[in-house]
Amino acid sequence: MIRVLIADDQAMVRTGFGMILGAQPDMEVVGEAADGVEAVELARRLRPDVALMDIRMPRLDGIEALRQLAGPGVADPPKVVVVTTFDLDEYVHAALRNGACGFLLKDSGPALLVEAVRAAASGDSLISPSITVRLLEHLTPLLPGRAADDQGLSPRELDVVKLTARGLTNAEIAAQLFISLGTVKTHLGSVQTKLGARNRVEIAAWAWERRLVG
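In what follows, the accompanying structure is described. Everything numeric in this text was worked out from a predicted model, so none of it was measured.

Points about the nonpolar core
A7, M53, L66, V80, V82, A95 and F103 are the most contacted members of the largest nonpolar core, which totals 25 residues. Of all the secondary-structure elements, those providing two or more residues to this core are β1 (2-7), α2 (36-46), β3 (50-54), α3 (62-70), β4 (79-84), α4 (92-97) and α10 (200-209). In terms of residues, this core owes the most to one element, α3, which gives five residues. Core analysis: the second largest hydrophobic core is formed by 21 residues, V161, L188, A197 and I203 among them.

Here it is in C-alpha cells:
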C-alpha cells in the first residue's frame, strides 16, 4: 500500500483528494493537514510514502514545510509532490531546490492525481511530462541566464538531460537515442552525481535554467 499524507488548507480539496486516493486498491490516506506546521508534524510522525503539499497554507507555507521535510541535508526525506497552479510560478524554483519530486495542478483531475502519487512512490520525479515541462518552461523567463557550463557531462549525458527536460520518459529516451533502458538509467545516475541533483526534476530545471531546451 502507498501511504499518503494530504496537506492543504482547503477542506474540500483534502476531502476530494482523499476520496479519489482512498478508492484506489493500492493507496491509503494516513493523514490530513490543514496547515504547514501540521503537515511537517504529521509527516515526521506518520512517515507517509508520499505527501501532497499545497504551497499557500497558514502558519507555515508549503515551500518552508517542504524544506524542513525534504530540503538539502535532510536524511531519508519523504516523497513530496507540490500542488500548485500556474500563477505560482515564482515558487517552482524554490520547490525544486528544496526537494520536491514533482508537481500537480489542482485542476488536473483524478487520473493525474493517482498517476502523481504512484510515480512519486516509485521514485519517478516526472509525474506528468507535459505539466513538468510547462511549469519549467513558464518559469525560465523568471530566472537569470546561467553560463553554459556542462558540469563535466559527456555529449551523450547532455543528450539524455535535454530529453529529460523535454518531459520524455526513460523508455522514450532509450528509443530516441537507440540505447537500452538500463543505459538511460546509468546516464541519469551519473548526471545526478555530477550536478548534485536529487532527482530528475532538478536535472530538468538545470537544463531549462541554462537554456539547453528549445
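Further notes follow.
Quick notes on the side chain of N98
Take N98: it is sitting in the loop between α4 and β5 (102-105). Under the relative-accessibility criterion, N98 is labelled buried at 13%. What N98 contacts, discounting residues up to four positions off in sequence, is I63, L66, R67, A70, G71 and P72.

Points about unusual backbone geometry
One non-glycine residue, R59, adopts positive backbone phi at about 70°. With respect to the element layout, R59 can be found in the loop between β3 and α3. Given a relative accessible area of 64%, R59 falls into the exposed group.

Quick word on helix α5 (residues 110-121)
Taking 1.5 Å per residue, twelve residues should reach 16 Å; α5 reaches 17 Å between its end C-alpha atoms and fits that length. Looking at α5, one finds that the buried residues are L112, L113, V114, A116, V117, A119 and A120.

What counts and what doesn't
Residues numbered from 1 in each chain as written. Predicted model: local features only at pLDDT ≥ 70, side-chain atom pairs only at ≥ 80, totals over all residues. Heavy atoms only, no water. Core = buried A, V, L, I, M, F, W, Y, C linked by side-chain atoms within 4.5 Å. Buried < 20%, exposed > 50% of the residue type's maximum accessible area, 1.4 Å probe, protein only. Helix = DSSP H or I, 4+ residues; strand = E, 2+ residues; numbered from the N terminus. Contact = heavy atoms within 4.5 Å. Expected span 1.5 Å × (residues − 1).

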